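Structural overview
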Amino acid sequence: MRVLVTGGAGFIGSHFVRSFTGGDEVTVLDKLTYAGNPANLEPAEGRFAFVRGDICDAGLLGEVVPGHDLVVNFAAESHVDRSIAGAGEFVRSNVLGVQTLMQACLDAGTPKVVHVSTDEVYGSIEAGSWDETAPLGPNSPYAASKAGGDLIALAYARTHGLPVSITRCGNNYGPYQYPEKVVPLFVTRLLDGLDVPLYGDGGNVRDWIHVDDHCRAVRLVAERGGAGEVYHVAGTAELTNLELTARLLDALGAGWRRVERVPDRKAHDRRYSLTDGKLRALGYAPQTAFEQGLAGTVAWYTANRRWWEPLRKPAP
Ligand code: NAD
């Protein structure tokens, strides 16, 4: 199968390329923002063609998209804190970029498109879980831009019959994640003997999933997902940030004196939670238990200082 992976040099997209495209003819299209890193794709060297480019570039997409049987879109600005500091790039890549890509897929007659999204589009839920029919209520500019992209993708399915499916997933962890996100940030700082910043009262709840399970779900939706349908990818470990911090401190043999309390993130969603029965009906089951996945992740950052050390400097 000829597969185009947009955003394939980022954390999740590169895992998809490395682990879920064996036997495919793969093109990676990536703008290589601060979060895109060719080193993430080194283990797949020789198995893909690389195009440096922007999903907002209609001319480029008109050349690259035709001929692919499957397009999977991971390209996005992805860090909530950055969207609070400045939302422009988020709207550009996550809304206009999705529209430009959907139009290119429509023009090319792409047989299958998967657009990768997030549980954050729903806002915050105190108790219970969202199913795929829940109304969108995003709070951060990041989440709002992802919701906008999702709605544009669904509009292309409904209006033009574009065969696009959407996945919405909880918080990912795993190797090759840019060390601004909480798991690699805490692990790399603890490895360096530095303190770690914990937002607010630490009571915010996230449902964690190993990147490998997320990518397995994306591949399954590419193969069996319906056009215009949304599929949730739920996590395997619902934890408060305090609980997550305790596990990371434990794994690195550090104590609570290494934790620095910092003012809470603006509009910090308290809790996300998804039901995933629709995806499980396609045959999905997660394969990585949280304890095992987190231990493997900590071991990876411990062994791969060469990968993350150059990324610790403040990115532009
Ligand atoms: P990431 O920031 O690590 O990677 C994003 C990639 O997209 C980078 O390689 C970057 O260079 C590229 N990119 C950004 N803008 C682009 C543009 N305009 N054109 C082409 N390439 C562009 O993000 P990630 O964590 O790998 O997330 C991938 C996708 O999964 C995103 O859509 C994100 O919203 C979604 N998601 C992430 C999580 C998570 O926990 N990380 C959870 C659910 C959903």
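Further up the page is the structure itself.
For the structure given in this document, a descriptive report is provided here. Keep in mind that this is a model prediction, so the values were computed, not measured. (Residues numbered from 1 in each chain as written. Predicted model: local features only at pLDDT ≥ 70, side-chain atom pairs only at ≥ 80, totals over all residues. Heavy atoms only, no water.)

**Concerning the site of the ligand**
The line we're drawing: For each residue, the test is whether any non-hydrogen atom lies within 4 Å of the molecule or strand; if one does, the residue is near. For the purposes of these results, a polar contact is taken to be a pair of N or O atoms within 3.5 Å, where, inside protein, one atom must be able to donate a hydrogen and its partner to accept one; residues adjacent in sequence count only when each atom of the pair is a side-chain atom. Using a 1.4 Å probe, accessible areas were evaluated by the Shrake-Rupley method; residue-level cover was limited to the displayed protein chains. Strands are runs of DSSP state E lasting at least two residues, helices are runs of H or I lasting at least four, and both sets are numbered from the N terminus onward. Here the nonpolar group is Ala, Val, Leu, Ile, Met, Phe, Trp, Tyr, Cys and Pro; Asp, Glu, Lys and Arg are the charged ones; every other residue, Gly included, is treated as polar.
Around the ligand sit 28 residues in total, of which Ile-12, Asp-30, Ser-78, Tyr-142 and Lys-146 are the nearest. Within the contact set of the ligand, an oxygen atom lies 3.0 Å away from a backbone nitrogen or oxygen of Thr-33. Within the contact set of the ligand, an oxygen atom lies 2.6 Å away from a side-chain nitrogen or oxygen of Lys-146. Within the complex, 96% of the 840 Å² of free accessible area of the ligand lies under protein. Among the secondary structure elements, those contributing two or more residues to the shell around the ligand are α1 (11-20), β5 (112-118), α5 (141-160) and β7 (171-173). Looking at side-chain class alone, the shell around the ligand contains 12 nonpolar, 12 polar and 4 charged residues.

**Focus: the sheet that holds strand β9 (residues 205-210)**
The condition is simple: If DSSP finds at least two bridges between two strands, the strands pair. Here an axis means a line fitted to C-alpha atoms, over the contact stretch when the element is a helix, while the angle between two N-to-C directions is reported on a 0 to 180 degree scale.
An order of β7-β9-β11 is seen for the 3 strands of this open sheet, with the pairing classed as mixed. Edge positions in the open sheet fall to β7 and β11 (237-240), since each of these has one partner strand only. Each neighbouring strand pair of the sheet contributes to a mean axis angle of 45°, computed without reference to strand direction. By the bridge criterion, 3 bridges tie β7 to β9 in an arrangement that is parallel. In the sheet register, Tyr-173 faces β9, and the bridge partner there is His-210.

**Focus on the pattern of salt bridges**
As a reminder, the rule being used: Every case where a carboxyl oxygen of Asp or Glu lies within 4 Å of a side-chain nitrogen of Lys or Arg is listed as a salt bridge. Partly exposed residues are those whose accessible area sits between 20% and 50% of the maximum for their type, while under 20% is buried and over 50% is exposed, using a 1.4 Å probe and protein chains only.
In this structure the tally under the stated criterion is 21 salt bridges. Where Arg-265 meets Asp-81, a salt bridge forms, and the shortest distance between an N and an O atom there is 2.7 Å. Separated by 184 residues along the polypeptide, Arg-265 in the loop between β12 (259-262) and α9 (277-280) and Asp-81 in helix α3 (residues 80-85) bring together distant segments of the chain. According to the relative accessible area criterion, Asp-81 is partly exposed, its value standing at 25%. With a closest N to O distance of 2.7 Å, Arg-305 and Glu-309 form a salt bridge. When its relative accessible area of 30% is taken as the criterion, Arg-305 is described as partly exposed.

**Digging into the environment of Asn-304**
Summarising the element assignment, Asn-304 is placed in the loop between α10 (290-303) and α11 (305-308). Residue Asn-304 is classed as partly exposed on the basis of its relative accessible area, which comes to 25%. Distance from Asn-304 to Tyr-176, taken between C-alpha atoms, is 9.3 Å for residues 128 residues apart in sequence.

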